[in-house]
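Structure assessment
Below, each chain spelled out in residue letters.
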Amino acid sequence: MSDFLSNFSGENYNKTRQDKDKQKEEKQSESKSVIKKTDKTINNEQSKQSEELIGPRNNPLNEQNNSEEKKENSEDLIFTKKRSKKKKVKKETPEVVEQVKEPIASTTKNPDEFIETDPTYKKTQQKKYLLMGLGILVAGFVLFFGYYQLTHVKVPNFEGKELSEVREWTAENGVKLQVEQKYDFDKNANIIIHQNVKDKKIKKGNELVVDASLGADPEEKISLPDFKTMKLDEAKQWIEEQKADNLAIIEEYSDKIAATEYIKFEITNRDVKAEDYKRKDKAKVYFSKGKEVFEKDISVPDFAGKMKEEATDWAKKNEIDLKIEETDSDSIESGKIISQSVGKDTKIAKKDAMSIAVSTGKALVVPDFSQFTVEEAESKANGLQVQVKQVFNDSVPYGGFISQSVEIGKKYKEKDEKPTIQVVYSSGKPYIKDLRDNTLEGDLQKIFYEEYQSKGANITYQVNYVDSTVTKGTVVNMSKYNEFAPINYVVQISISKGNLTPEVSKTAESEK
């Protein structure tokens with residue numbers, strides 16, 4: 001123990017110190033040579049591994065020298081040293097040699113204290129803090145970017161698209177929508193005309209303003225063309241170009257007008273004239289589809305002997321053009337079908353025509369009254385009303401048949417309105433009766449009408465007045481009496497004035 005302490009006294013301490021410095025310089029030179037040899041082999045590994053601070057005692061080359069030095073001077077050397085913290089590095093292989101940096105010796109207040117430091121420590125720490133700062137900056141940017149992405153959405157270009165697409169997009173992305181509508185001839189209704197934000201980000205909850213089209217102005221007047229000169233396709237094209245959506249094209253079948261040809265035009269509101277027509281006014285223009293053609297797939301039943309209603313119901317159900325002809329029958333009762341124009345089981349199509357004959361029962365037939373006498377005429381009328389009349393006739397003898405008002409053989413059904421048949425027989429030539437001395441002038445009108453004129457004879461009379469002792473107004477003479485006269489004849493009749501006495505009358509007669 002005394003020997004060990006003697007090393008720290010007087011001259012022994014200085015000697016020991018000098019030896020120690022010499023050994024230190026030798027060790028540093030050896031370390032530099034070893035580092036130069038191993039730099040090439042660990043150049044790539046050095047960039048991946050953390051730097052490790054190595055003191056003199058940890059140096060593998062110094063361990064041998066230190067062990068020898070300890071053997072020789074284990075009791076002569078005492079020194080104090082501070083070492084930097086070392087980072088443990090995982091070794092890839094046992095053959096990798098760690099890089100040893102040159103230690104820097106510094107003198108502290110204690111001259112006996114030896115400090116060994118790593119010159120790369122400061123750079124390592126700076127690099128560490130720089131990476132930490134960059135990491136925080138990147139994390140902040142990522143958080144801000146994520147927040148921005150979550151709270152903002154890019155607005156597509158909706159111009160020219162349907163308003164429903166905008167409503168759907170704003171509802172899905174939490175964006176408020178304000179729609180301003182205006183008339184635009186070039187854009188159909190509900191098409192987007194303009195938007196305040198397009199192809200840019202907008203914050204969720206903010207308002208997107210769009211202008212939507214209402215289509216063409218309904219109050220605008222439209223000059224109507226002459227549809228009579230237009231085909232169907234031309235009319236459709238005109239309506240599309242003018243955007244006259246309230247003008248409807250109606251196509252209907254026609255047996256008379258060819259397909260695609262104009263039929264008629266009408267405005268719904270009758271108070272609107274064609275020259276004042278506006279886009280809002282409703283109108284219809286009709287065009288023909290031509291004659292409708294159907295497949296012959298309807299089988300015709302046998303209607304003979306069946307009631308008329310059965311045939312009419314069948315025709316209505318199958319859209320058959322059924323014509324009903326009524327005819328009398330002595331054997332088939334009224335209302336039943338006698339015959340049909342299309343045979344049983346024949347195939348016909350919709351709208352085809354067929355007819356049936358329906359019985360009206362036994363008919364009332366007008367007889368030939370020329371075969372009957374005046375007395376037989378009423379009894380031979382077959383249930384018809386007959387009025388028999390006799391008239392004068394120059395050519396037909398008395399009792400002969402002259403005419404009847406309804407043609408021979410005409411038939412009347414039970415439901416028909418039946419006329420009264422006028423049957424005329426001849427009374428022969430008119431016979432002029434003697435009206436002298438017993439007929440007054442006042443009775444002449446009645447006598448000539450009832451006896452002659454009412455019976456077809458155009459017999460009239462002319463009156464002349466003569467002096468006579470016969471009572472005034474009495475017929476005293478006739479141009480024709482008690483004999484036949486023609487149908488057309490005028491009888492001259494003398495009427496007494498009653499102005500003569502019997503003596504005067506005899507004198508007048510003798511003078512005469």
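A few points on the structure. This one's a predicted model, so the numbers in the text were calculated from it and none came from an experiment.

Considerations on the packing of aromatic side chains
As enumerated under the stated definition, the model contains twelve aromatic pairs in all. For the pair Phe141 and Phe145, a centre-to-centre distance of 6.3 Å together with 20° between the ring planes defines the contact as stacked. Placement of both Phe141 and Phe145 in helix 5 (residues 121–151) is noted, with a separation of four residues, approximately one turn of the helix. Owing to a relative accessible area of 55%, Phe141 belongs among the exposed residues under this scheme. Residue classification places Phe145 among the partly exposed positions, given a relative accessible area of 44%. Aromatic side chains Phe448 and Tyr452 sit 5.5 Å apart centroid to centroid with 50° between the ring planes, which places their arrangement in the tilted category. Under the relative-accessibility criterion, Tyr452 is labelled buried at 4%.

Some remarks on the sheet that holds strand 26 (residues 488–496)
Two pairing modes exist for strands in a sheet, parallel and antiparallel, and in both the strands are linked by backbone hydrogen bonds. Across the sheet, which stays open at both edges, the three strands sit in the order 23-26-24 with mixed pairing between neighbours. Only two strands of the sheet have a single neighbouring strand rather than two, namely strand 23 (458–466) and strand 24 (475–478). For this sheet the average axis-to-axis angle between neighbouring strands, irrespective of direction, equals 30°. Against the sheet, helix 9 (residues 444–451) touches strand 23, strand 24 and strand 26, its axis set at about 160° to strand 23.

Observations regarding the sheet that holds strand 14 (residues 337–340)
Strand order in the open sheet made by the three strands is 13-16-14, with mixed pairing throughout. The open sheet is flanked by strand 13 (321–327) and strand 14, the only strands paired with a single partner. For this sheet the average axis-to-axis angle between neighbouring strands, irrespective of direction, equals 25°. Here strand 13 pairs with strand 16 (residues 353–359) via seven bridges, running parallel. Note that in strand 16 the partner of Thr327 across the bridge is Ser359.

Scoring rules and cut-offs
- Position labels on residues start from 1 in each chain and follow its written sequence.
- Given that this is a predicted model, residues contribute local features only at a pLDDT of at least 70 and side-chain atom pairs are listed and counted only at 80 or more, while totals for whole chains, interfaces and linings are drawn from all residues.
- The side-chain figures draw on all heavy atoms in the structure; neither hydrogens nor water molecules are used.
- Whether two aromatic rings pair depends on their centres lying within 6.5 Å, for rings of Phe, Tyr and Trp, where Trp uses its six-membered ring; planes under 30 degrees apart make the pair stacked, over 60 edge-to-face, and the rest tilted.
- Secondary structure elements follow DSSP: runs of H or I of four or more residues count as helices, runs of E of two or more count as strands, with numbering from the N terminus.
- Think of it in three bands: with a 1.4 Å probe and only protein chains considered, a residue is buried below 20% of the maximum accessible area for its type, exposed above 50%, and partly exposed in between.
- Two strands pair if DSSP finds at least two bridges between them.
- The convention used is that axes are lines fitted to C-alpha atoms, helices contributing only their stretch in contact, and that angles between N-to-C directions extend from 0 to 180 degrees.
- For this analysis, residues touch if any pair of their heavy atoms sits within 4.5 Å.

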